[in-house]
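# Analysis of the macromolecular model
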Amino acid sequence: MENKVRLPVLNNNPNNNPAARPGINRREMVQRLLGGAGARVVAPGIVAAHPMHKHLMSETTLAQADAKAAAAEWSPEFLDPHQNETLIVLAERIVPGSTKAQVNRFIDLLLSVDTQENQKKFLASLSAFEAEGLNRYQHPFKDLTEEQQNQILTAASTEKSGQPEGSGDWSWFAVPKEAGEHRVTLRDHFENMKGWVRDAYYSSEVGMKELGWTGQVAWDSFPGCQHPEGHH
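Residues numbered from 1 in each chain as written. Predicted model: local features only at pLDDT ≥ 70, side-chain atom pairs only at ≥ 80, totals over all residues. Heavy atoms only, no water.

### Some details on the confidence of the model for the protein
Residue-level pLDDT values for the protein average 75, and 62% of them are 70 or greater. Ranking the elements of the protein by mean pLDDT puts helix α2 (residues 39-42) last, at 38, and helix α5 (residues 81-94) first, at 97. Between residues 1-22, whose pLDDT stays under 50, and residues either more than four places distant or in other chains, the model counts 49 contacts. Confidence drops under a pLDDT of 50 for residues 36-46, and excluding neighbours within four residues, the segment shows 25 contacts in the predicted structure. (pLDDT = per-residue confidence, 0-100. Helix = DSSP H or I, 4+ residues; strand = E, 2+ residues; numbered from the N terminus. Contact = heavy atoms within 4.5 Å.)

### Thoughts on the environment of Ala155
Within the element layout of this structure, Ala155 appears in helix α8 (residues 146-158). Taking C-alpha positions, Ala155 is 8.1 Å from Arg187, a pair spaced 32 residues apart along the chain.

### Here's the deal with the packing of aromatic side chains
Applying the stated criterion across every chain, the model contains three aromatic pairs. Ring plane angle 85 degrees and centroid distance 5.6 Å describe the contact between Phe122 and Trp196, whose orientation is recorded as edge-to-face. Here the residue Phe122 occupies a position in helix α7 (residues 116-137), and Trp196 occupies one in helix α9 (residues 186-202), the gap between them amounting to 74 residues. Trp196 matches Phe122 in its accessibility class, with the two residues each being buried. Taking 6.1 Å as the distance between ring centres and 70 degrees as the angle between the ring planes, the aromatic pair formed by Phe129 and Phe141 counts as edge-to-face. Placement of Phe129 in helix α7 and of Phe141 in the loop between α7 and α8 is noted, with a sequence separation of 12 residues between them. Taken as a pair, Phe129 and Phe141 share a single burial class, namely buried. (Phe/Tyr/Trp six-rings, centres within 6.5 Å; stacked < 30°, edge-to-face > 60°. Buried < 20%, exposed > 50% of the residue type's maximum accessible area, 1.4 Å probe, protein only.)

What follows is the structure, given as structure tokens:
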């Protein structure tokens, strides 16, 4: 787990403290963090090349996705039912509490307005874990036991990446892989999926409160996976 360092007071106005009033939407929380003193230390925690970076910087996208995710009659707009169920299970294994935070809904709605390239990359990563479950245990990932799911994630998080060392650029992640390009490994799919799940969770009210967010203080960055098995 990354070290958590409290920031100075960002706003002393009690009316802006989510603990003092019912609810606060994602757009407001992210706007305060990235628009105030927290921007200098929180923003670097979001990988700039990852698609989530762009989404978290868009007030309109955040507001629309949050509103749709909260709908009583919600259903996936981009993922099919099986993919949605797989994402729910996978997200919960990567960051426990993701189900409560409705991470799957938020990600689905962001994907519905994302580029075809980013959509393909996400589906490729989701499919990689589905294939791993079938290859190892002859069952879809969502139907595996928690122990089996954790074994796959442990293997994925410790496998060598096919990403050029130090590049920090997701442009290498081509779908499908073309001749001469770097090989995409399960570790790369894990890192892609972790970026979606982590930032969706820790930009939610549930995730922010876990970090100690009260409207006045915040941590220095979004942490990685907090699963006891160590899927960092």
